[in-house]
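Chain by chain, the residues:
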Amino acid sequence: MQLRNSSSRYGWVSIVLHWGVALAVFGLFALGLWMVGLDYYSTWRKDAPDLHKSIGLTLFAIMLLRVLWRLVSPPPPAPANHGPLTRLGAKLGHAFLYLGLFAVMIAGYLISTADGVGIPVFGLFEIPALVSGLPDQADVAGVVHLYLAWVLVVFAGIHGLAALKHHFIDRDATLTRMLGRKA
């Protein structure tokens, strides 16, 4: 089992981080859509947002770990058949996904801490409210969180479609490398 990335494929740490983040993002998105439709009498009215926040904060920590892992174990270079524009598009797309994820999570934090109250994480510990009381903090952060979440999920879908295009049309190793197979 190859833990670190090599020149030809991703290691298992990168693969688990990639697919774990993808699962968490789509799960958080679905949970967020579902929970905003809950009424006052729903038994999940408090638990769903608490779960959403806890998973979101855990994802934030995982994303920090993922950034550090990229520095320790850089990804393999693009396949040889990728031209300059494809390489640039991939770099910009990945940068957008990383920055967008951090932005949506920071916006979620700002929504939750607007009243100066910390955020409990799975009932184990609390993340303090370091930023609160900004003008319309919860409302502005809420709009950013909502629309950026939609943009990220759509963009992640496009990212997945691009991987499928590389696999089935270009017949290159883009997808197989992220599945742990040799190029």
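Residues numbered from 1 in each chain as written. Predicted model: local features only at pLDDT ≥ 70, side-chain atom pairs only at ≥ 80, totals over all residues. Heavy atoms only, no water.

Enquirer: Which residues make up the nonpolar core, and what are the values?
Expert: In this structure, Leu59, Met63, Leu101 and Met105 are the most contacted members of the largest nonpolar core, which totals 17 residues. Sorting elements by how many residues they give to this core places helix H3 (residues 84-112) first, with six residues. Among residues more than four places away in sequence, those in contact with Met63 are Val21, Tyr98, Leu101, Phe102 and Met105. (Core = buried A, V, L, I, M, F, W, Y, C linked by side-chain atoms within 4.5 Å. Buried < 20%, exposed > 50% of the residue type's maximum accessible area, 1.4 Å probe, protein only. Helix = DSSP H or I, 4+ residues; strand = E, 2+ residues; numbered from the N terminus. Contact = heavy atoms within 4.5 Å.)

Enquirer: Tell me what's going on with the UniProt feature "domain: Cytochrome b561 bacterial/Ni-hydrogenase" (unreviewed entry) in the chain, and back it up with residues and numbers.
Expert: Sites flagged by UniProt as "domain: Cytochrome b561 bacterial/Ni-hydrogenase" (unreviewed entry) map to residues 9-180. Taken as a whole, residues 9-180 contains 68% helix and 3% strand, while its terminal C-alpha atoms sit 7 Å from one another. (UniProt positions renumbered as here; feature names shortened; annotations may be inferred.)

Enquirer: How would you explain the UniProt feature "transmembrane region" (unreviewed entry) in the chain if you had to name every residue and give the values?
Expert: Here, UniProt's "transmembrane region" (unreviewed entry) annotation points to residues 12-35, 55-72, 92-111 and 144-164. This span, residues 92-111, is 100% helix and 0% strand, and a straight line between its end C-alpha atoms measures 28 Å. Segment residues 144-164 splits into 100% helix and 0% strand. End C-alpha atoms: 30 Å apart.

Enquirer: So what's going on with the environment of Gly116? Residues and values would help.
Expert: Relative to the helices and strands, Gly116 is located in the loop between H3 and strand E1 (119-121). For Gly116, a relative accessible area of 42% gives the class partly exposed. Placed 16 residues apart in sequence, Gly116 and Ser132 show a C-alpha to C-alpha distance of 5.1 Å. Those residues in contact with Gly116 that lie beyond four places of it in its chain are Ala129 and Ser132.

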